[in-house]
Amino acid sequence: MILPILIYNHPILRKKCIDIKNDYDGLNQLIKNMFDTMYNANGVGLAAPQVGFSINLFIIDLSPFLNDYPDLKTTKKVFINPEIKIEKGEEWQFNEGCLSIPEIREDVTRKSEIKITYFDQNFNMIEESIDGIEARVIQHEYNHLRGVLFIDFLSGARKNVLNRKLKSIMNGKFEKNYPYQLFQK
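For clarity, every value in this text was computed on a predicted model and none was experimentally measured. (Residues numbered from 1 in each chain as written. Predicted model: local features only at pLDDT ≥ 70, side-chain atom pairs only at ≥ 80, totals over all residues. Heavy atoms only, no water.)

1. Side note on the side chain of Gln139
- Mapped onto the secondary structure, Gln139 falls in helix α2 (residues 132–145).
- Of note is the side chain of Gln139, whose polar atom sits 3.1 Å from the backbone oxygen of Lys111.
- Not counting residues up to four positions away in its chain, the partners in contact with Gln139 are Ile84, Glu87, Arg110, Lys111 and Ile114. (Helix = DSSP H or I, 4+ residues; strand = E, 2+ residues; numbered from the N terminus. Polar contact = N/O pair within 3.5 Å; in protein donor to acceptor, adjacent residues only side chain to side chain. Contact = heavy atoms within 4.5 Å.)

2. Looking at unusual backbone geometry
- Within the chain, Asn9 stands out as a residue other than glycine whose phi angle is a positive 90 degrees.
- Relative to the elements of secondary structure, Asn9 occurs in the loop between β1 (5–6) and α1 (27–40).
- A residue is classified by how much of its surface remains accessible, and Asn9, at 37% relative accessible area, is partly exposed.
- Although it is not a glycine, Asn42 adopts a positive phi angle of roughly 60 degrees.
- Classification of Asn42 by relative accessible area gives exposed; the value is 72%. (Buried < 20%, exposed > 50% of the residue type's maximum accessible area, 1.4 Å probe, protein only.)

3. Details of the packing of aromatic side chains
- Summed over the entire model, instances satisfying the criterion amount to eight aromatic pairs.
- Taken together, a centroid distance of 4.5 Å and an interplanar angle of 15 degrees make the contact between Phe58 and Phe79 stacked. Taken as a pair, Phe58 in strand β3 (residues 57–61) and Phe79 in strand β4 (residues 76–98) lie far apart in primary sequence, 21 residues in all.
- On the basis of relative accessible area, Phe79 is assigned to the buried category, the value being 0%.
- Taken together through their ring pairs, the aromatic side chains of Phe65, Tyr69, Trp92 and Phe94 make up a single cluster.
- Geometry around Phe153 places Arg110 over its ring, the cationic atom sitting 4.8 Å from the centre.
- In this arrangement the basic side chain of Lys176 is found over the ring face of Phe174, its NZ or CZ atom lying 4.9 Å from the centre. (Phe/Tyr/Trp six-rings, centres within 6.5 Å; stacked < 30°, edge-to-face > 60°. Lys NZ or Arg CZ within 6 Å of the ring centre and 35° of its normal.)

4. Re the side chain of Glu134
- Looking at the secondary structure, you find Glu134 in helix α2.
- Separated by 2.6 Å, the side chains of Glu134 and Lys77 make a polar contact.
- If sequence neighbours within four positions are ignored, Glu134 has contacts with Ile60, Leu62, Leu72, Thr74 and Lys77.

5. Observations concerning helix α3 (residues 156–170)
- The largest bend along α3 reaches roughly 50 degrees and is located at Leu162.
- The set of residues buried in α3 consists of Leu162, Leu166 and Ile169.
- Among the structural elements, β5 (101–119) are those in contact with the buried residues of α3.
- One or two residues past the end of α3 sits Gly172, with phi positive at roughly 80 degrees. (Bend = angle between axes of the 7 residues up to and from the residue.)

And the structure:
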């Protein structure tokens, strides 16, 4: 089932998420729905708060990057209760976007390598060192679980330039390519 994606300024997007246990009700269905939602919106990652769940869960599928990054080992993963232990390596810029902030893409600087622990969909504990584009996407989605959006990494001047566009997005003035939900006060 395709879920509506919460749009910028929804308070759930700014909440710190909570860990879940392996008996979380409806977890497998939620993960399936998140993949359906992400694919429908042509995304490469989706965090649970983006679909209204304040839990430590995100998914990625980096298949669209395979042509540019043929060394990707795994493209599709589920991350439950993730914790980035280390961010290191060279900083590099990449033009990022977000399904919760449609029509805005900006260069964001992130570290090139991470060490992360998480549970997979079967609640197996995994510890990995990851680099490159996969590390970047993971950092972006992990930030969602902490209530941090990619625009938070932009300079104050750049945010001021985007302010009008962000207000338009908050009011639903963007091209609607997938189901979404605006925050209604």
